[in-house]
Amino acid sequence: MSAGSSSIVRTLRLAEGGVRLALALATGGGFPFSATFILTHRCNFQCAYCNIPAAAAAEMTTAQFCGALDQLRAAGLVRASFSGGEALLRRDAPEILAHARSLGLMTSLNTNAWMTGRHLDVLEKCLDLLVISLDGPEPVHDLLRRRAGSYARVVGVLRAARERGLATATITVLTPDNLGVIDEVLALARELGFYAYFQPAYEDCFDHAAGVDPGLGARVFGDIAGRLARARAAGEPVGASPGYLERLANGPAFGDCGRCSAGRFWGTVLPDGRVIPCHLQARDGDHRFLNGLEVGFAAAFRGLRRPMTGPGCAISPYQETDLIFALDRRAIAAALRRLLGARTLM
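Described in the following lines is the structure provided in the data block. (Residues numbered from 1 in each chain as written. Predicted model: local features only at pLDDT ≥ 70, side-chain atom pairs only at ≥ 80, totals over all residues. Heavy atoms only, no water.)

1. A few points about the overall build of the chain
Looking only at helices and strands, the chain has 13 helices and 8 strands in total. A compact globule built from 346 residues should have a C-alpha radius of gyration of about 20 Å, and the chain, at 19 Å, falls within 12% of that. Counting only C-alpha atoms and orienting by the principal axes, one finds that the chain spans roughly 45 × 45 × 40 Å. Residues counted as buried form 55% of the 346 residues belonging to the chain. Once local pairs closer than 6 in sequence are excluded, the contacts in the chain between residues at least 24 apart make up 74%. Positive and negative side-chain charges in the chain, numbering 37 and 32 respectively, have mean positions lying 5 Å apart. (Helix = DSSP H or I, 4+ residues; strand = E, 2+ residues; numbered from the N terminus. Rg over C-alpha atoms; globule rule 2.2 N^0.38 Å. Buried < 20%, exposed > 50% of the residue type's maximum accessible area, 1.4 Å probe, protein only. Contact = heavy atoms within 4.5 Å. Lys, Arg positive; Asp, Glu negative; His and termini not counted. Charge placed at Lys NZ, Arg CZ, Asp CG, Glu CD.)

2. Focus on the pairing of strand 6 (residues 195-200)
Regular strands show a simple pattern: their side chains alternate between the two faces of the sheet. Most of strand 6 is tucked away, with 6 of its 6 residues classed as buried. Looking at chain direction, strand 5 (residues 168-174) and strand 6 are connected through 6 bridges and run parallel. Pairing of Ile 171 across the sheet is with Tyr 197, part of strand 6. A crossover connection joins strand 5 to the parallel strand 6 through helix 7 (residues 182-192); in handedness this β-α-β unit is right-handed. (Pairing = 2+ DSSP bridges. Right-handed = clockwise from strand over helix to strand, strands pointing away.)

3. Describing the pattern of salt bridges
Applying the stated criterion across every chain, the model contains 14 salt bridges. In this structure, Arg 90 engages Glu 59 in a salt bridge whose closest nitrogen and oxygen atoms are separated by 3.4 Å. Of this pair, Arg 90 sits in the loop between strand 2 (79-83) and helix 3 (93-102) while Glu 59 sits in the loop between strand 1 (34-38) and helix 2 (62-74), placing them 31 residues apart in sequence. A salt bridge links Asp 128 to Arg 101; its shortest N-O distance comes to 3.0 Å. Here Arg 101 lies in helix 3 and Asp 128 lies in the loop between helix 4 (120-126) and strand 4 (129-133), a separation of 27 residues in the sequence. (Salt bridge = Lys/Arg side-chain N within 4 Å of Asp/Glu carboxyl O.)

4. A look at the layout of surface pockets
Here the second largest pocket is characterised by a volume of approximately 390 Å³. Taken together, 24 residues line the second largest pocket, and the ones lying closest to its centre are Arg 247, Asp 256, Arg 259, Cys 260 and Asp 322. Per-element tally for the lining of the second largest pocket: the top contributor is helix 12 (residues 316-325), with 4 residues. Tallied by class, residues from the lining of the second largest pocket come to 13 nonpolar, 6 polar and 5 charged. (1 Å grid on protein atoms, 1.4 Å probe; cavity = no way out; pocket = protein on both sides within 12 Å on 5 of 7 lines; lining within 4 Å. Points joined across faces, edges and corners; volume = space filled by probe spheres on them. Nonpolar A, V, L, I, M, F, W, Y, C, P; charged D, E, K, R; others polar.)

5. Notes on the sheet that holds strand 5
Pairing in this open sheet of 8 strands is mixed, and the strands run 6-5-4-3-2-1-7-8 from one edge to the other. The sheet is open, and its two edges are formed by strand 6 and strand 8 (275-276), each paired on a single side. Across 5 bridges, the pairing between strand 1 and strand 2 is parallel. From the neighbouring strand, Thr 36 faces strand 2, where its bridge partner is Ser 81. Sheet strands touched by helix 2: strand 1, strand 2 and strand 7 (266-269). Its angle to strand 1, the strand with the most contacts, is close to 175°. (Axes fitted to C-alpha atoms, helices over the stretch in contact; angles between N-to-C directions.)

6. Concerning the environment of Ala 87
Topologically, Ala 87 is positioned in the loop between strand 2 and helix 3. Ala 87 sits in the buried class, given a relative accessible area of 0%. On a C-alpha basis, the gap between Ala 87 and Ala 167 in space is 18 Å, while along the polypeptide they are 80 residues apart. Apart from residues no more than four positions distant in its own chain, Ala 87 is found in contact with Leu 39, Thr 40, Ala 93 and Leu 109.

7. Topic: the packing of helix 5 (residues 138-145) against helix 6 (residues 150-164)
The N-to-C vectors of helix 5 and helix 6 enclose an angle of 115°; their axes lie 8 Å apart at closest approach. Classified by the angle between their axes, helix 5 and helix 6 sit roughly perpendicular to one another. Along its contact with helix 5, which presents Glu 138, His 141, Asp 142 and Arg 145, the element helix 6 presents Ser 150, Tyr 151 and Val 154. Looking at the contact of helix 5 with helix 6 residue by residue, the classes come out as 2 nonpolar, 2 polar and 3 charged. (Parallel < 35°, antiparallel > 145°, perpendicular 65-115°, else oblique.)

Written out as structure tokens, the structure is:
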């Protein structure tokens, strides 16, 4: 399929999904509009704030991941994001991404950029957005990543992606060790033409109840939100919508998990095939969540329609997604701004 034909198919798919979404919102229904596929929990880094690699275990095969995409596509899937761990540790990651693109899905990939450069020729053909982890300027980034040279690879991939016309964004996880990097990250975003996202670190990436990094207090959240709001108002390439920043300012209680659209319009497929609302709920009694390999992935998603508990979260993509499904006009406008701006910034 040519690039032009693929774009038309994805546009039609998005329009079809929008109509179905409007009907579901009006009737109280739900379907998997969007899903995140965690290809692996393995990672080539051991970042100071992340415990995801410790969860590495069984992983689905190439055929099983592609089958999950097929099943969820038939159930209404419009957007598929891919992440890890480091997703590109799987040699078949490009094949799985290409399959998602062949289904007419909107696609994105989260990566630490260490191995991304060697795959850009393939990735530019099957991604709408490449999201790269960035913890700050070189000394801070390399320290938190515990890998010298990692910042240089991030910048190299951002530049190379821009040359190819592949839209990029970064996400910066804020801890007590890098709270001062916002201005420097935004300066790089202006230079290289990407939108920058920021979110606080969690004590346990799989356990919402553990809360955010204990070194981040209420005053810190208000300060971060205020700084980003001012930068956004000044025209800086801040990816966050006003709604996210308002929720962030209320931290560490960011909202109400019981009202979140996770499990109604979006969810997460773990490497072993379990389907969960989001990764922060993964340890909330794993037995509750169905495995798509056993019951089918559409059925596993339908099994998520039960109330969640918790004070909301500050995971940027989750909150932005929830705001959009809540029909927050500012979040929708911000998403369109990012979609268009990702091209015009380049």
